[in-house]
Structure formats: structure tokens, C-alpha cells
Amino acid sequence: MTAYAIAHLREATPHPEIAAYIERIGATLEPFGGRFLVHGAEHEVMEGSWPGHVVVIGFPGLAEARAWWDSPAYREIAPLRSRHIVGDIILVPGVPKGYDPMLTAKAMREAVSPSSYDA
């Protein structure tokens, strides 16, 4: 099942180390089947606020995403980013093929007692 590394990067101070990080990150992704899905794109906020930028990297699975994050090649370059950009990064699995949100809604309704919401 596909997995994603998602970064919400906020305060970024332009620096040559960030350019070096961007130049080198692609090579760290390749052994794990990772590829950029969103990077450096302008986003449109539809609700709430989202200061900064979003980066999404796709992987074949969560094991590959974790292996990339923990790899010596990525650990070596990560400080080039983290010294100059404030943000949050998560790894998250995607939904399986054929995912049906109705089943999630059904399970949620079964887990909540009728008295806890207006019918």
C-alpha cells in the first residue's frame, strides 16, 4: 500500500545549505522507490490557515518510507534542511485499493452512542 512523507514547512530562511539539501535528496529517495508528488508548488488554502509550503513524497509502502527516513544517506543531509526550515514531517500510509469511506462512516456510527449526537 502506498505511503507518503508529508512535510509542512513554515519558516524558511534562504541558505546555501537548503539548496545543497534539495540537490542531494533525490539520490536518497531512489533506493526506496520514493518520488516527489508535491514540491515547491503554490497552494490554495480552502479552510483554516496553512502558512508556508507543503511537500509530499510517495513511496511504495510505509516500510520503504521509514527505511528512507532512517537511511544513513538521508540522515546525513537532513540537518542541511532542519537548521534553516521550521516544520513538521509525518509518514502516513495511504488507503488500500478499493477503499470505501462508507465503511469508515458505518464503523464510526457504530462506535458512537446515539445519545452523543443529534439524530
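Parameters and conventions
Residues numbered from 1 in each chain as written. Predicted model: local features only at pLDDT ≥ 70, side-chain atom pairs only at ≥ 80, totals over all residues. Heavy atoms only, no water. Salt bridge = Lys/Arg side-chain N within 4 Å of Asp/Glu carboxyl O. Helix = DSSP H or I, 4+ residues; strand = E, 2+ residues; numbered from the N terminus. Buried < 20%, exposed > 50% of the residue type's maximum accessible area, 1.4 Å probe, protein only. 1 Å grid on protein atoms, 1.4 Å probe; cavity = no way out; pocket = protein on both sides within 12 Å on 5 of 7 lines; lining within 4 Å. Points joined across faces, edges and corners; volume = space filled by probe spheres on them. Nonpolar A, V, L, I, M, F, W, Y, C, P; charged D, E, K, R; others polar. Core = buried A, V, L, I, M, F, W, Y, C linked by side-chain atoms within 4.5 Å. Contact = heavy atoms within 4.5 Å. Pairing = 2+ DSSP bridges. Axes fitted to C-alpha atoms, helices over the stretch in contact; angles between N-to-C directions. Polar contact = N/O pair within 3.5 Å; in protein donor to acceptor, adjacent residues only side chain to side chain.

1. Overview of the pattern of salt bridges
Here comes step 1: Under the definition given, this model contains four salt bridges.
Here comes step 2: The salt bridge involving Asp-88 is made with Arg-10; its shortest N-O contact spans 2.8 Å. Pair noted here: Asp-88 is in strand S4 (residues 85-93) and Arg-10 is in strand S1 (residues 3-12), with a separation of 78 residues, a long-range link.
Here comes step 3: Using a relative accessible area of 42% as the deciding quantity, one classes Asp-88 as partly exposed.
Here comes step 4: Since its relative accessible area comes to 28%, Arg-10 is described here as partly exposed.

2. Observations regarding the layout of surface pockets
Here comes step 1: The volume enclosed by the largest pocket comes to roughly 340 Å³.
Here comes step 2: What lines the largest pocket is a set of 23 residues, among which Leu-9, Tyr-21, His-39, Val-55 and Ile-85 lie closest to the centre.
Here comes step 3: Broken down by element, the residue count for the lining of the largest pocket peaks at six residues, all from S1.
Here comes step 4: Among the residues forming the lining of the largest pocket, the class breakdown is 18 nonpolar, three polar and two charged.

3. A look at the nonpolar core
Here comes step 1: Membership of the largest hydrophobic core comes to 18 residues, with the highest contact counts inside it found for Ile-25, Ile-57, Phe-59, Trp-68 and Tyr-74.
Here comes step 2: Listed by contribution, the elements that provide at least two residues to this core are S1, helix H1 (16-29), strand S3 (53-59), helix H2 (62-70) and helix H3 (72-82).
Here comes step 3: When near neighbours in sequence (up to four residues on either side) are disregarded, Ile-57 contacts Ala-3, Tyr-4, Ala-5, Ile-25, Leu-29, Gly-34, Arg-35, Phe-36, Leu-37 and Trp-68.

4. Description of the sheet that holds S4
Here comes step 1: Ordered in space as S2-S3-S1-S4, the four strands form an open sheet in which the pairing is antiparallel. Across the chains shown, the open sheet's two edge strands, defined by having one partner strand only, are strand S2 (35-38) and S4. Each neighbouring strand pair of the sheet contributes to a mean axis angle of 25 degrees, computed without reference to strand direction.
Here comes step 2: Inspection of the sheet shows S1 paired to S4 by eight bridges, in the antiparallel sense. Paired with Tyr-4 across the strands is Val-92, a residue of S4.

5. Here's the deal with the side chain of Thr-28
Here comes step 1: With respect to the helices and strands, the residue Thr-28 is situated in helix H1.
Here comes step 2: Thr-28 gets classed as buried once you look at its relative accessible area, which sits at 5%.
Here comes step 3: There is a polar contact of 2.7 Å between the side chain of Thr-28 and the backbone oxygen of Ile-25.
Here comes step 4: Of the polar contacts made by the side chain of Thr-28, one reaches the side chain of Trp-68; its length is 3.0 Å.
Here comes step 5: In this structure, Thr-28 is in contact with Trp-68, Ala-73, Tyr-74 and Ile-77, ignoring residues within four places of it in sequence.

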